[in-house]
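Spelled out, the chains give:
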Amino acid sequence: MPLARSLSVTSLSGLEDWDEEFDLEDAVLFEVAWEVANKVGGIYTVIQTKARLTAEEWGENYFLVGPYVESNVRTQVELIEPTNPILKRTIDKMNASGCKVYFGRWLIEGSPYVVLIDVAFTAWSLDRWKSELWENFSIGVPWFDREANDAVLFGFLTAWLLGEYAAQCEEPPHILAHFHEWLAGLGLMLCRRRQLPVATIFTTHATLLGRYLCAGKVDFYNNLAEFNVDKEAGDRQIYHRYCLERSAARCAHVFTTVSQITAIEAEYLLKRKPDIITPNGLNVKKFSAMHEFQNLHAKSKNRIQEFIRGHFYGHLDFNLDKCIFLFIAGRYEFSNKGADIFLEALARLNYLLRVNHSDVTVVAFFIMPARTNNFNVETLKGQAVRKQLWDTAQTVKERFGKKLYESLLVGQLPDVSKMLDKEDFTMMKRAIFSTQRQCQPPICTHNMLEDSSDPILNCIRRIGLFNCSADRVKVIFHPEFLSSTSPLLPMDYEEFVRGCHLGVFPSYYEPWGYTPAECTVMGIPSISTNLSGFGCFMEEHIADPSAYGIYILDRRFRGVDESCNQLTSFLFQFCKQSRRQRIIQRNRTERLSDLLDWRYLGRYYISARHMALAKAFPDTYMYEAQDPTSSSGFRYPRPASVPPSPSLSRHSSPHHSDDEDERYDEDLEAEKDRVNIRQPFVAKTKAGDGVPSESD
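Predicted model, so just to flag it, every value in this text is computed and none were measured.

1. Quick notes on the overall build of the protein chain
Here is step 1: Along the backbone of the protein chain there are 24 helices and 19 strands.
Here is step 2: A separation threshold of at least 6 residues defines the contact pool for the protein chain, and within that pool the share at least 24 residues apart is 74%.
Here is step 3: Carbon and sulfur atoms provide 51% of the accessible area of the protein chain, an area that totals close to 29300 Å².

This is the structure we're talking about:
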């Protein structure tokens, strides 16, 4: 599937020159998405984390537009009067015409302004607007699709807002509107249809049809050119949604997507090649000392170990200090997220560890929300037994300590045989007997509503991983998002990730992949695939990803069985690492967080906005496309010190040694990595000259 390279990070070397030509003082940016102050999926994270950098660049002329959801507004938004006089007149005019539009500050980093539209309040216009949609675009929306109905209302109201804003401007305005996903796409289409003075950008974070096709277990990437897209969308009853998405992509001045692999998908399914790739970033918190995030890992790991002690009570016949914690997390899409191949690889890993008589035990967590009926009684009992044992040990320790103290006070060494009396031994025996268990430790922490048809549980039954004593791989399925208030595993997601050793995300369909990105910024190695946007991005920017704890699984050019064998190999080699090697690898992984910082990846969005302004207002803005093939960017080299794993290291690394005195200079290696990446982008606020700049 050949595709000419779209603009990417490594091709933004000319961005400094473009900055000088763009004065944003007279421009205003509206960023439109259904997930503004309304968490539904990953787009919420994109907009929320990017807001600070965009607000720094655009200052008072940056507005996020989303739906008004009262429950979210109460906890996330401070409603205020509009500070922009033009926008105030616009909102007043719309409210006087039968709409409900609110203005406020979103209480996140950067505190951006938000314009929230109550789509339900204008539902009386739905039939009229559907008729206009059919007359102008020949797209019919069925009455029963509530999500598509919301998209129609939101689209017309967004276009109304932008059109009214343009009408209220005394001078010809320079409006830039960035629309995310198909739910916001109709607003873009109407802006172009009504010929509003608006530069438009459309970003698709995942194509509708791509997600549906992959969920249907088709050979997606090898047959992209063969799909009859209209028929496939019709067969899945999403033709109207597909038409909205495709029309928005075709109408936009600039079309972007989040990864190179999704760009290939969009060219075939949406019939337009993206103008630029805009990967998703994160706000990275850097620690002043390397040992700080390592200490956080140790602290969180201890909390996971406490849960393991309770979950496996009565069968805790393995050494927790030689226990490796793996996890997979995300939407419960069994095949798309790679849970199927992960389970198969765990079964093969279990065999390898057993035949090699390994003393390592692997505990694999599946954090995927599913329909449940509260916690499993046996799981809750395990945590209660653990707490009871802890309380017993503390009581005996206090009694022992008091006798020891009294003995030392009189100047005598204690008689050890008299330090514990009969009552102490009775208490300890009773506690030991309470740990006896007649069944195996549970696989699932909750009672599943559809236990007999659940894909993960059925696969576990097939491969036979039942947490038996002989198994070196244990499985825990937690079908609920993590929460610090949970009585079972009281940890939030970030704390849990920090405590694990490896994140495993062998996805078949993953346009970007926030989960491995979050692992990276927290210094936790991860396994991704060359079908995920994150995996492709890392392959482009790192000479030897595995040396930095980023393992890229080949799911594009290998069959399922070959990919499963490769994943098994990754896991087995990781289990053979020494503790020191894992520490070194975590240090390297954490250094890659610079690549995922919005201070770098914000360049993509800056370039897309400049491109759109130049296309919509050629008399005011000028833009010269760069040649991606001739540009130079940054690329992490292979590290030249100790290898991170016994067999996966490359030629630049010396032979593996378990010698703890092996030379390794962390500061020297970190300094070599730092010179391979540019200084982060720092946007000046509108109070300055309004021009983004590079920090010195």
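The discussion continues.
2. Brief notes about the packing of aromatic side chains
Here is step 1: Across all of its chains, the model carries 29 aromatic pairs by this definition.
Here is step 2: Arranged with centres 5.8 Å apart and planes meeting at 85°, the rings of Trp 143 and Phe 144 form a pair that is edge-to-face.
Here is step 3: With relative accessibility at 71%, the residue Trp 143 sits in the exposed group.
Here is step 4: Residues Phe 327 and Phe 496 carry aromatic rings whose centres are separated by 5.7 Å and whose planes lie at 80° to one another, so their mutual orientation is edge-to-face. Taken as a pair, Phe 327 in strand E10 (residues 323-329) and Phe 496 in helix H18 (residues 493-499) lie far apart in primary sequence, 169 residues in all. In this structure, Phe 327 and Phe 496 share a single accessibility class: buried.
Here is step 5: Taken together through their ring pairs, the aromatic side chains of Phe 307, Phe 325, Phe 327, Phe 365, Tyr 493, Phe 496 and Phe 505 make up a single cluster.

3. Quick word on the packing of helix H13 (residues 339-355) against helix H17 (residues 455-463)
Here is step 1: H17 packs onto H13 with a crossing angle of 25° between their chain directions and a minimal axis gap of 10 Å. Judged by the inter-axis angle, H13 sits roughly parallel to H17. Handedness of the H13/H17 crossing: right-handed. Two secondary-structure elements touch here, H13 through Leu 343, Glu 344 and Ala 347 and H17 through Ile 456, Cys 459, Ile 460, Arg 462 and Ile 463.
Here is step 2: Looking at side-chain class alone, the contact of H13 with H17 contains six nonpolar, no polar and two charged residues.

4. Here's the deal with the side chain of Arg 582
Here is step 1: By secondary structure assignment, the location of Arg 582 is in helix H22 (residues 579-591).
Here is step 2: This buried residue, Arg 582, is left without a salt bridge; Asp 321 holds the nearest opposite charge, at 8.9 Å.
Here is step 3: A polar side-chain atom of Arg 582 sits 3.4 Å from the main-chain carbonyl oxygen of Gln 577.
Here is step 4: Not counting chain neighbours up to four residues away, the residues in contact with Arg 582 comprise Ile 324, His 501, Phe 574 and Gln 577.

5. Details of the sheet that holds strand E14 (residues 473-478)
Here is step 1: Ordered in space as E14-E11-E10-E15-E16-E17, the six strands form an open sheet in which the pairing is parallel. Of all the strands in the sheet, just E14 and strand E17 (550-553) have a single pairing partner and so form its edges. Neighbouring strand axes in the sheet, compared pairwise and without regard to direction, differ in orientation by 25° on average.
Here is step 2: Pairing of strand E11 (residues 361-367) with E14 involves six bridges; the strand directions are parallel. The residue of E14 that forms the bridge with Ala 364 is Val 475.

6. Brief notes about the environment of Thr 520
Here is step 1: In this structure, Thr 520 sits in helix H19 (residues 514-521).
Here is step 2: Looking at Thr 520, the relative accessible area reads 0%, which means it is buried.
Here is step 3: Measuring from C-alpha to C-alpha, the distance between Thr 520 and Arg 586 comes to 8.8 Å, with 66 residues separating the pair along the chain.
Here is step 4: The contact partners of Thr 520, leaving out residues within four places of it in the chain, are Ser 526, Phe 534, Met 538, Ile 550, Thr 589, Glu 590, Leu 592, Ser 593 and Leu 596.

7. Considerations on the pairing of strand E1 (residues 27-32)
Here is step 1: Most of E1 is tucked away: six of the six residues are buried.
Here is step 2: Where burial is concerned, the two faces of E1 agree: the one with Ala 27, Leu 29 and Glu 31 and the one with Val 28, Phe 30 and Val 32 are both buried.
Here is step 3: As defined by bridge partners, E1 adjoins strand E6 (residues 174-180) across six bridges and the pair is classed as parallel. When the bridges of E6 are listed, Glu 31 appears paired with His 178.
Here is step 4: When E1 meets strand E2 (residues 62-67), the two strands line up parallel, connected through four bridges. Bridge assignment links Leu 29 to a residue of E2, and that residue is Tyr 62.
Here is step 5: Between E1 and its parallel partner E2, the chain crosses via helix H2 (residues 42-58), and the hand of that crossover is right-handed.

8. Digging into H17
Here is step 1: Turning to H17, its buried residues number three or more, namely Ile 456, Leu 457, Cys 459, Ile 460 and Ile 463. Projected down its long axis, H17 shows its buried positions confined to an angular sector of 160°, all on one face.
Here is step 2: The residue sitting at the N-terminus of H17 and contributing the capping side-chain oxygen is Asp 454; that oxygen lies 3.2 Å from the backbone nitrogen of Ile 456.
Here is step 3: Downstream of H17 by a residue or two, Gly 464 has a phi angle that is positive, lying close to 80°.

9. Considering the nonpolar core
Here is step 1: Core analysis: the biggest nonpolar cluster contains 92 residues, and Ile 308, Phe 342, Leu 346, Phe 365, Phe 366, Phe 496 and Leu 571 have the highest contact counts within it.
Here is step 2: Among the elements that make up this core, the one with the highest residue count is H13 (nine residues).
Here is step 3: Phe 179, Leu 213, Phe 220 and Leu 531 belong to the second-largest nonpolar core, a separate cluster that totals 76 residues.

10. A look at the environment of Asp 26
Here is step 1: With respect to the helices and strands, Asp 26 occurs in the loop between helix H1 (15-21) and E1.
Here is step 2: Looking at Asp 26, the relative accessible area reads 59%, which means it is exposed.
Here is step 3: Note: C-alpha distance between Asp 26 and Ile 175 (149 residues apart in sequence) is 8.9 Å.

11. Section: the environment of Leu 316
Here is step 1: Turning to its location among the elements, Leu 316 is positioned in the loop between helix H12 (290-311) and E10.
Here is step 2: The sequence separation of Leu 316 and Pro 441 amounts to 125 residues, and the corresponding C-alpha distance is 9.7 Å.
Here is step 3: Excluding residues that lie within four positions of it along the chain, Leu 316 makes contacts with Ile 308 and Arg 309.

12. What about the pattern of salt bridges?
It is possible for side chains bearing opposite charge to pair when their charged atoms get close.
Here is step 1: In total, this model carries 37 salt bridges according to the counting rule given.
Here is step 2: As a salt-bridge pair, Glu 344 and Arg 462 come within 3.3 Å of each other at their nearest N and O atoms. On the criterion of sequence distance, the pair formed by Glu 344 in helix H13 and Arg 462 in helix H17 is long-range, its members being 118 residues apart.
Here is step 3: Connected via shared salt-bridge partners are Arg 399, Lys 403, Asp 421, Glu 423 and Asp 424.

13. A word on the state of the cysteines
Here is step 1: Taken as a whole and assessed by the stated rule, the structure comprises zero disulfides.
Here is step 2: The thiol sulfur of Cys 459 is not disulfide-bonded, and the nearest other cysteine sulfur, from Cys 564, lies at 9.5 Å.
Here is step 3: Note on Cys 459: relative accessible area 8%, which makes it buried.
Here is step 4: With no disulfide of its own, Cys 575 lies 9.7 Å from the sulfur of Cys 323, the closest cysteine sulfur.

14. Some details on the confidence of the model for the protein chain
Here is step 1: Here the protein chain averages 87 in pLDDT, and 86% of its residues register 70 or above.
Here is step 2: Across residues 678-696, where pLDDT falls below 50, the model places 55 contacts with residues more than four positions away in sequence or in other chains.

15. As for unusual backbone geometry
Here is step 1: With a phi close to 60°, Ser 138 is a non-glycine residue in the positive phi region.
Here is step 2: Considering the arrangement of structural elements, one finds Ser 138 in the loop between helix H5 (126-137) and helix H6 (146-168).
Here is step 3: Of note in the backbone geometry, Gln 237 takes a positive phi value of approximately 60° without being a glycine.
Here is step 4: Relative to the helices and strands, Gln 237 is located in the loop between helix H9 (229-235) and helix H10 (239-251).

Parameters at a glance
Residues numbered from 1 in each chain as written. Predicted model: local features only at pLDDT ≥ 70, side-chain atom pairs only at ≥ 80, totals over all residues. Heavy atoms only, no water. Helix = DSSP H or I, 4+ residues; strand = E, 2+ residues; numbered from the N terminus. Contact = heavy atoms within 4.5 Å. Areas by Shrake-Rupley, 256 points an atom, 1.4 Å probe, with all protein chains shown as cover. Phe/Tyr/Trp six-rings, centres within 6.5 Å; stacked < 30°, edge-to-face > 60°. Buried < 20%, exposed > 50% of the residue type's maximum accessible area, 1.4 Å probe, protein only. Axes fitted to C-alpha atoms, helices over the stretch in contact; angles between N-to-C directions. Parallel < 35°, antiparallel > 145°, perpendicular 65-115°, else oblique. Left-handed = near helix turned anticlockwise from the far one by under 90°. Nonpolar A, V, L, I, M, F, W, Y, C, P; charged D, E, K, R; others polar. Lys, Arg positive; Asp, Glu negative; His and termini not counted. Salt bridge = Lys/Arg side-chain N within 4 Å of Asp/Glu carboxyl O. Polar contact = N/O pair within 3.5 Å; in protein donor to acceptor, adjacent residues only side chain to side chain. Pairing = 2+ DSSP bridges. Right-handed = clockwise from strand over helix to strand, strands pointing away. Arc of directions from axis to C-beta. Core = buried A, V, L, I, M, F, W, Y, C linked by side-chain atoms within 4.5 Å. Disulfide = S-S within 2.5 Å. pLDDT = per-residue confidence, 0-100.

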